[in-house]
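Breakdown of the fold
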Amino acid sequence: MRSELLSDIDEHIFDVLIIGGGINGATSAACLQAHGYKVCLLEKGDFASGTSQESSNMVWGGIKYLESLEFKLVYGLCKSRDLLIEHYPTRIIPIPFYTSLYKHNKYLPFFAYLGSILYWMIALGRTEFPKYMSAKQIGHDFPIITQKKLRGGTTYLDAFLPENDARFTFQLIEKAIESGAYCINYMSVESFKYENETWEVKASDQINPKQFILKSKILINAAGPHLEEINSENKRPTDHKLILSKGIHLIVPQLTNSHHVLTFMSKDERLFFVLPMGNRSCIGTTDTPVKADTKEVTDEDRKFVLDNINQYLNLDKPLTRADIIAERCGVRTLCADTTSEKEDWIHLSRHHKVECFINSQQINIIGGKLTNCLNVGEEILDKVNQLLQRFPEFLIWYGEESDDIKESFLSFALEKVEARTAHLLWRRYGSKAIKIINLIEYDSRLKETVAENTDYLKAELLYIKQNEYVTKDEDLLRRRTHLSLTSTHEQMEKIKEFLLSL
Ligand SMILES: Cc1cc2nc3c(=O)[nH]c(=O)nc-3n(C[C@H](O)[C@H](O)[C@H](O)COP(=O)(O)OP(=O)(O)OC[C@H]3O[C@@H](n4cnc5c(N)ncnc54)[C@H](O)[C@@H]3O)c2cc1C
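Computed from a predicted structure; not experimentally measured.

Moving on, we come to the overall build of the protein. When you go through the protein residue by residue, the secondary structure sums to 16 helices and 18 strands. Its C-alpha radius of gyration of 23 Å places the protein within 12% of the 23 Å reference for a compact globule of 502 residues. Seen through its principal axes, the protein has C-alpha atoms that stretch 70 × 65 × 45 Å. Looking at the protein as a whole, 47% of its 502 residues are labelled buried. Within the protein, counting contacts between residues at least 6 apart in sequence, those at least 24 apart form 70% of the total.

So this is what it looks like as structure tokens:
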């Protein structure tokens, strides 16, 4: 499939060439291709192998940005969150967030409760009304939460991605490819220049070493933390000053059930979460200034997260490094005022910026949130329409398949697999899951799970390997599924053994 796309990629003049297959590149590709533009997207690693595989998986309005009075950002994020919930009813799940506040925290629970009402109002009351929680009630509902010095808290509704950020990003890429886009993973952009009103982009295939020269009318730089470096190497401008900030998460054995998120204030007074991830818990995050993109989790990072969690959870035994099943580490790209000398890391705006250079037909997409992906897609479409002088056309380019398709899939699937599996397959693959059921019909051994206590069938792994642009095992284990994040060493041995047999 990848090789098919590569076979004639250099014979086209694309309308738009996008550098970077993270959420910003993916949403732009899906939106532009759906509107009839001819799109090429190049990703130097696997799709979503940058920051877009390292988020907290929350689709949220960002209640914490009320603290820095960023009402416009919160309003936009809430709107985007609600649109995502409406159009991805199985892939994005509303979930209650329980915030517990202690004597040493700077906010009183009642103040936090008022904050969550303001948050609810900014979202135009589209979610359940927040609830005030007394310390006694928190103790009753969540005996795992430390009671000592607990004052109380608040609960409100946001949403999360049960199948992970990277899979969601991949699904936008997949949608773009299905509508005709050329999206290639493991294809690094080496250089680019604008001449005779055309971009000439030099790219190299990282799998079968070969250089390509690709042509396009517009260039979009969506290279996340690498955006500025690539622009400067090619003598192209970046108008904003970019600041990079590292955040890590640790995956540990399941601490609470998967139907809620627990929220605390960390030692640096940031929101700190216990999030569900499959049959595990994901805890974090941190916010540390860094000079360059990195995937390195330091001992200091681990200690910060473990100390925070042990302080707030009443566990039989405190969590230690030995309990860590996997780690996530990503770098946020934040925009600063170009004149500012010293930045307040925690309060730098999380709003994305789109820079558009009309004379050279170039667009930069900087930072932002995964939650804002639909807005980013629309904004980029707007800019491309302006640059190529086309009239806007209204089209819903996102979302899961229709209820009718879902019903007909489920009535077919429920005859072959258990109800839980049928629903899970729909959530992960939509109507393409029919192919997985056909695999099971052909060979019933593929109905088994790939390892004990995982919820992935062998047939799923075979399907993913054959159909989801997988080049390396890690693409499948870390991004198309969350197996490498949630499996123990023994489970991974079994899974790898199965992959070898394919
Ligand atoms: C710890 C943490 C928690 C977060 N939590 C949330 C959350 O809960 N909810 C939320 O909405 N947002 C969250 N975010 C923010 C969100 O993850 C990011 O805004 C988003 O992933 C950024 O996407 P991107 O496409 O800009 O960058 P990336 O995902 O980094 O994509 C850029 C891509 O460009 C590629 N690239 C670079 N150079 C080249 C080249 N030369 N050629 C080809 N490709 C290239 C890279 O390989 C990379 O894949 C979080 C971020 C962090 C770090």
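A separate point is the site of the ligand. If you check the shell around the ligand, you find 38 residues, and the closest are Gly20, Gly22, Gly50, Gly224 and Gly247. Looking at the shell around the ligand, the elements with two or more residues in it are helix 2 (23-34), strand 8 (187-195) and strand 16 (326-336). Partitioned by chemical class, the residues of the shell around the ligand number 11 nonpolar, 22 polar and 5 charged. Each of domain 1 (2-52 + 165-240 + 351-387) and domain 2 (61-163 + 243-346) gives at least three residues to the shell around the ligand.

Turning to the packing of helix 2 against helix 6 (residues 165-178), a few remarks are in order. Geometry of a packed helix pair, given as the angle between the helix axes and the separation of the axes. Between helix 2 and helix 6, the least distance of the axes is 8 Å, while the angle of their chain directions is 30°. In terms of orientation, helix 2 and helix 6 fall into the roughly parallel class. Of the two elements, helix 2 crosses helix 6, and the hand of that crossing is left-handed. Counting all contacts with helix 2, which are made through Ile23, Ala26, Thr27, Ala29, Ala30 and Gln33, the residues of helix 6 involved are Thr169, Leu172, Ile173, Lys175 and Ala176. Looking at the contact of helix 2 with helix 6, its residues break down into 7 nonpolar, 3 polar and 1 charged.

Below, the discussion takes up unusual backbone geometry. Here the bond from Gly284 into Thr285 is cis, since omega is 20°, no more than 30 degrees from zero. For Thr285, the location among the structural elements is in the loop between strand 14 (280-284) and strand 15 (288-290). Its identity is not glycine, yet Asn196 carries a phi of approximately 50°, on the positive side. Counting through the fold element by element, Asn196 comes out in the loop between strand 8 and strand 9 (198-205).

Between its first and last C-alpha, helix 3 (residues 71-87) extends 24 Å over 17 residues, near the 24 Å set by a 1.5 Å rise per residue. Among all positions of helix 3, only Leu73, Val74, Gly76, Leu77, Cys78, Ser80, Arg81 and Leu84 are buried. On its buried side, helix 3 packs onto strand 3 (58-59), helix 4 (109-122), strand 6 (150-160) and helix 9 (373-387).

One recurring pattern in soluble globular proteins is that nonpolar side chains are buried together. Ranked by internal contacts, the top residues of the largest apolar core, which has 108 residues, are Val16, Ala29, Val39, Ala176 and Ile220. Summarising the domain contributions, this core has at least three residues from each of domain 1 (2-52 + 165-240 + 351-387) and domain 2 (61-163 + 243-346). For Val16, the residues in contact, after removing those within four places along its chain, are Leu32, Tyr37, Val39, Ser216, Ile218, Ile220 and Val384. Membership of the second largest hydrophobic core comes to 25 residues, among which are Ala413, Leu425, Ala433 and Val470.

Turning to the domain arrangement of the protein, a few remarks are in order. Where the parts come together, the accessible area they lose is often given as the size of the interface. By domain assignment, the protein separates into domain 1 (2-52 + 165-240 + 351-387), domain 2 (61-163 + 243-346) and domain 3 (404-501). Computed from C-alpha atoms alone, the centre-to-centre distance between domain 1 and domain 2 is 31 Å. Of the residues lining the interface, 18 residues belong to domain 1; the matching set on domain 2 comes to 19 residues. Residue assignment for the side of domain 1 that touches domain 2 shows that the elements contributing at least two residues are helix 6 and helix 9. Considering every element that reaches the side of domain 1 that touches domain 2, the biggest residue donor is helix 6, with 3 residues.

Within helix 14 (residues 473-480), 6 of the 8 residues are buried, which leaves it mostly tucked inside the rest of the structure. For helix 14, every residue scored as buried is listed here: Asp475, Leu476, Leu477, Arg478, Arg479 and Arg480.

Here we come to the environment of Thr421. With respect to the helices and strands, Thr421 occurs in helix 11 (residues 419-429). Residues Thr421 and Tyr456, 35 residues apart in the sequence, show an inter-C-alpha distance of 9.2 Å.

Turning to the packing of helix 12 (residues 433-442) against helix 13 (residues 458-467), a few remarks are in order. Taken N-terminus to C-terminus, the directions of helix 12 and helix 13 make an angle of 120°; their axes are 9 Å apart at the nearest point. With respect to helix 13, the element helix 12 is oriented oblique. In terms of crossing hand, the pair formed by helix 12 and helix 13 is right-handed. Residues Lys435, Ile436, Leu439 and Ile440 of helix 12 form the contact with helix 13, whose own contacting residues are Ala459, Glu460, Leu462 and Tyr463.

The next point concerns the pairing of strand 10 (residues 210-221). Of the strand pairs in this sheet, strand 1 (residues 13-19) and strand 10 are connected by 6 bridges, and their pairing is parallel. For Phe14, the partnering residue across the bridge sits in strand 10 and is Ser216. Of the strand pairs in this sheet, strand 9 and strand 10 are connected by 7 bridges, and their pairing is antiparallel. Following the sheet pairing, Glu200 is matched in strand 10 by Lys215. From the end of strand 9 to the start of strand 10, which pair antiparallel, there are 4 residues.

Turning next to the environment of Glu178. For Glu178, the position within the fold is in helix 6. Counting along the chain gives 121 residues from Glu178 to Asn57, while the straight-line C-alpha distance between them is 25 Å.

Let's shift gears to the environment of Ala181. Its location among the elements puts Ala181 in the loop between helix 6 and strand 7 (182-184). Counting along the chain gives 42 residues from Ala181 to Ala223, while the straight-line C-alpha distance between them is 18 Å.

Definitions and cut-offs
Residues numbered from 1 in each chain as written. Predicted model: local features only at pLDDT ≥ 70, side-chain atom pairs only at ≥ 80, totals over all residues. Helix = DSSP H or I, 4+ residues; strand = E, 2+ residues; numbered from the N terminus. Rg over C-alpha atoms; globule rule 2.2 N^0.38 Å. Buried ≥ 20, exposed ≤ 12 C-beta atoms within 10 Å, placed from the backbone. Contact = placed C-beta atoms within 7 Å. Near = placed C-beta within 6 Å. Nonpolar A, V, L, I, M, F, W, Y, C, P; charged D, E, K, R; others polar. Domains from an automatic or database assignment. Axes fitted to C-alpha atoms, helices over the stretch in contact; angles between N-to-C directions. Parallel < 35°, antiparallel > 145°, perpendicular 65-115°, else oblique. Left-handed = near helix turned anticlockwise from the far one by under 90°. Expected span 1.5 Å × (residues − 1). Core = buried A, V, L, I, M, F, W, Y, C linked by C-beta atoms within 7 Å. Pairing = 2+ DSSP bridges.

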